[in-house]
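# Examining the three-dimensional arrangement
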Amino acid sequence: MRIHRLMKAALLVLVAVALTACGAAQQAAEEAQIADSAATATVTGTVTYLDRSALPENAVIDVELVDASRADAPATVLATQSITAGGAQVPFPFELTYDPAQISPGALVLVQARITIDGQLRYISQTAIPVISNGAPTSNVEVLVSPVVGQTGQGVLSGTVSYLERIALDPTAVIEVELQDVSSGVPAVVATTQVNAEGRQPPIPFELPYDAARIDPAGTYLLYGRILINGSIAFASATGVPVLTGGAATSNVELIVSSVSAPAGGATIMGTVTTPRPPEALPTGAVLQVELREPMLADAPAAAIIEVPLDGLNFPVSFELPYDPATVAADRAYAVAARVLLGGQLLYASLSPVPVLTLDAPASTIVVPVAEVPDPTGGVLRFTVTGDTVATWPADSTAYLNVEIREPMLADAPATVFTYIPLAGLTLPIGWEIGYPTAGIDPNKAYVLDARIIDNNVLTYAATTPLPVLTQGAPTTDVVVNIPPAQ
């Protein structure tokens, strides 16, 4: 009996020890799990692009989280994720797990992405997205990637040419598709192709090969279509379709052509209205006005004027301006100007009218640059940009003036507001306006007006000392910024 009691006691001790050990192990596991979760965090979001191209199943989407705080060293990769498309299409969700202990306070942490197909880079983020630090988000991060251009080799644009009229297409018709570079202000043909109708009816598919080495990622490219019958243009694009750069399409491009009917005894000026920084979309109801006039007779009626509804359109916008040649005198100067209006409010306006028709000016195929007019409901800062020397830019110049309002101690941070002014045909000094949201200006902070001129992607002029504006006793309008040649 005594032996039995001893065995029972021993058994109870063993059970207690086992339970204690299990409890300790569970506690240790829970503590390790808590420590592990505290040691990691995530950044979530999506990778997407704007063009209407479909990805093959073997496309690979790579997303990186990097610390780019040091300007004198390569970015440090903090986390990566690789996703195979597998038949899915954009947007692709991602989740990057990282160690917060690796990130210093105030560090510049970015998310960037790329898409490869068969090992070839096809899309890449043009702008890395700040995350985590300095108030940047850690969720719902959208990373926009754009088609990779400017590579060696051949690219191919594909799509269809169609029209809305319910008439049969002549079986002998020839469809022409043309890729134009309008970056410089003077359209240049990059590539063309012809497709014989051979009895087919619209939409007619096309493929347009082009030399990828000729494509500038910062350029603007438009695709035009026309249909010829017996050698004459019967249908033509009223507006060029943006392609290749800035997230524009590279495939499935739809070109809508319209019946061409020139006015009897008249002539037509064709051109494109552009702006260096197009908005995401123009407001519904906006109207483009293009007019031909004598520049020295600003108060006289225009020699010709058209209005183009802009619903569903965005810059660049093509136009055809009919005029009567009998009203044009060979010894006078004529120019084309453009503006965009919304219910009587001026949204965009020409900085300088574009010479046409006489005195060695082009007769057609012109580019008319416009700049955004500040919203009068917000703040408006008028400014004049001057230089140490006289500087003039030709009518076909691609140079532009970039003016921005920013905080002086945050030179690398996004500007509070900015504007781009095309310089084609202009001479320093240049006066314009920049609008800003008054609610976004903190009276306790300092702000400066900074200016620079970019020509063919090269900095040519820059302000050496940005000008204090808006707050802390600085002027709120009518300021002058000097920009000497860049060193």
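For the structure, see preceding data.
Report on the accompanying structure.

Conventions adopted
Residues numbered from 1 in each chain as written. Predicted model: local features only at pLDDT ≥ 70, side-chain atom pairs only at ≥ 80, totals over all residues. Heavy atoms only, no water. Helix = DSSP H or I, 4+ residues; strand = E, 2+ residues; numbered from the N terminus. Buried < 20%, exposed > 50% of the residue type's maximum accessible area, 1.4 Å probe, protein only. Polar contact = N/O pair within 3.5 Å; in protein donor to acceptor, adjacent residues only side chain to side chain. Salt bridge = Lys/Arg side-chain N within 4 Å of Asp/Glu carboxyl O. Pairing = 2+ DSSP bridges. Phe/Tyr/Trp six-rings, centres within 6.5 Å; stacked < 30°, edge-to-face > 60°. Core = buried A, V, L, I, M, F, W, Y, C linked by side-chain atoms within 4.5 Å. Contact = heavy atoms within 4.5 Å. Axes fitted to C-alpha atoms, helices over the stretch in contact; angles between N-to-C directions.

The next subject is the overall build of the chain. Along its length, the chain carries one helix and 32 strands. Looking at the 487 residues of the chain, the share that counts as buried comes to 40%.

Below, the discussion takes up the environment of Val145. Inspection of the secondary structure puts Val145 in strand β8 (residues 141-147). Given the relative accessible area of 0%, Val145 is considered buried. Remark: the alpha-carbon pair of Val145 and Ser125, spanning 20 residues in sequence, is separated by 4.0 Å.

Its place among the elements puts Thr471 in the loop between β31 (467-469) and β32 (479-482). With 26 residues separating them along the chain, Thr471 and Lys445 place their C-alpha atoms 7.1 Å apart. Polar contacts involving the side chain of Thr471 include one to the main-chain carbonyl oxygen of Lys445, which spans 2.5 Å.

Here the focus is the pattern of salt bridges. Enumeration according to the criterion identifies eleven salt bridges in this entry. Measuring nitrogen to oxygen at the nearest pair gives 2.8 Å for the salt bridge that ties Asp450 to Arg406. In this pair, Asp450 is assigned in strand β29 (residues 447-455) and Arg406 in strand β26 (residues 400-406), connecting sequence segments 44 residues apart. An identical accessibility class is assigned to Asp450 and Arg406; each is buried. One salt bridge connects Lys445 with Glu407, and the closest N-O pair in it is separated by 3.7 Å.

We now examine the pairing of strand β4 (residues 92-98). Side chains Phe92, Phe94, Leu96 and Tyr98 project from β4 onto a buried face, and the interleaved Pro93, Glu95 and Thr97 project onto a face without burial. Pairing geometry for strand β1 (residues 41-48) and β4, over seven bridges, is antiparallel. Paired with Thr42 across the bridge in β4 is Thr97.

Before going further, it helps to examine the packing of aromatic side chains. Counted according to the given criterion, the structure contains four aromatic pairs. The interplanar angle of 10° and the centroid separation of 4.4 Å between the aromatic rings of Tyr163 and Phe235 together place this pair among those described as stacked. One end of the pair, Tyr163, is in the loop between β9 (154-162) and β10 (174-181); the other, Phe235, is in strand β14 (residues 232-237), with 72 residues separating them in the sequence. The class for Tyr163 is buried, based on a relative accessible area of 7%. Arranged with centres 6.2 Å apart and planes meeting at 65°, the rings of Trp393 and Tyr461 form a pair that is edge-to-face. Of the two residues, Trp393 is situated in the loop between β25 (379-386) and β26 and Tyr461 in strand β30 (residues 458-462); the sequence distance between them amounts to 68 residues. In this pair, the class of Trp393 matches that of Tyr461, namely buried.

Turning next to the nonpolar core. Core analysis: the biggest nonpolar cluster contains 33 residues, and Phe383, Leu401, Ile405, Leu449 and Ile483 have the highest contact counts within it. Contributions of two or more residues to this core are made by β25, β26, β27 (417-422), β28 (430-436), β29 and β32. Filtering out sequence-adjacent residues up to four positions away, Phe383 remains in contact with Val403, Ile421, Ile430, Gly431, Trp432, Glu433, Ile434, Leu449 and Val479.

If you trace the backbone, Thr272 turns up in strand β17 (residues 267-274). In this structure Thr272 comes out as buried when scored by relative accessible area, which is 3%. At 3.3 Å, the side chain of Thr272 forms a polar contact with the side chain of Tyr224. Discounting residues that sit within four places of it in the chain, Thr272 has contacts with Leu222, Tyr224, Pro316, Val317, Ser318, Phe319, Ile366, Val367 and Val368.

Glancing now at unusual backbone geometry. Working note: non-glycine residues mostly have negative phi, and peptide bonds are mostly trans. Cis geometry is found at the peptide bond from Pro202 to Pro203, where omega equals 0°. Along the chain, Leu428 connects to Pro429 via a cis peptide bond; the corresponding omega equals 0°. Residue placement: Pro429 occurs in the loop between β27 and β28. Positioned with a positive phi, Ile132 is a non-glycine residue whose angle comes to about 70°. By secondary structure assignment, the location of Ile132 is in the loop between β7 (129-131) and β8. For Ile132, a relative accessible area of 22% corresponds to the partly exposed category. A positive phi angle is found at Leu470, which is not glycine, with a value near 75°. Tracing the chain through its elements places Leu470 in the loop between β31 and β32. Judged by its relative accessible area of 13%, Leu470 is buried.

If you trace the three strands from one edge of the open sheet to the other, you get β28-β25-β32, paired in mixed fashion. Only two strands of the sheet have a single neighbouring strand rather than two, namely β28 and β32. If you compare each strand with its neighbour and ignore which way they point, the axes differ by 35° on average.

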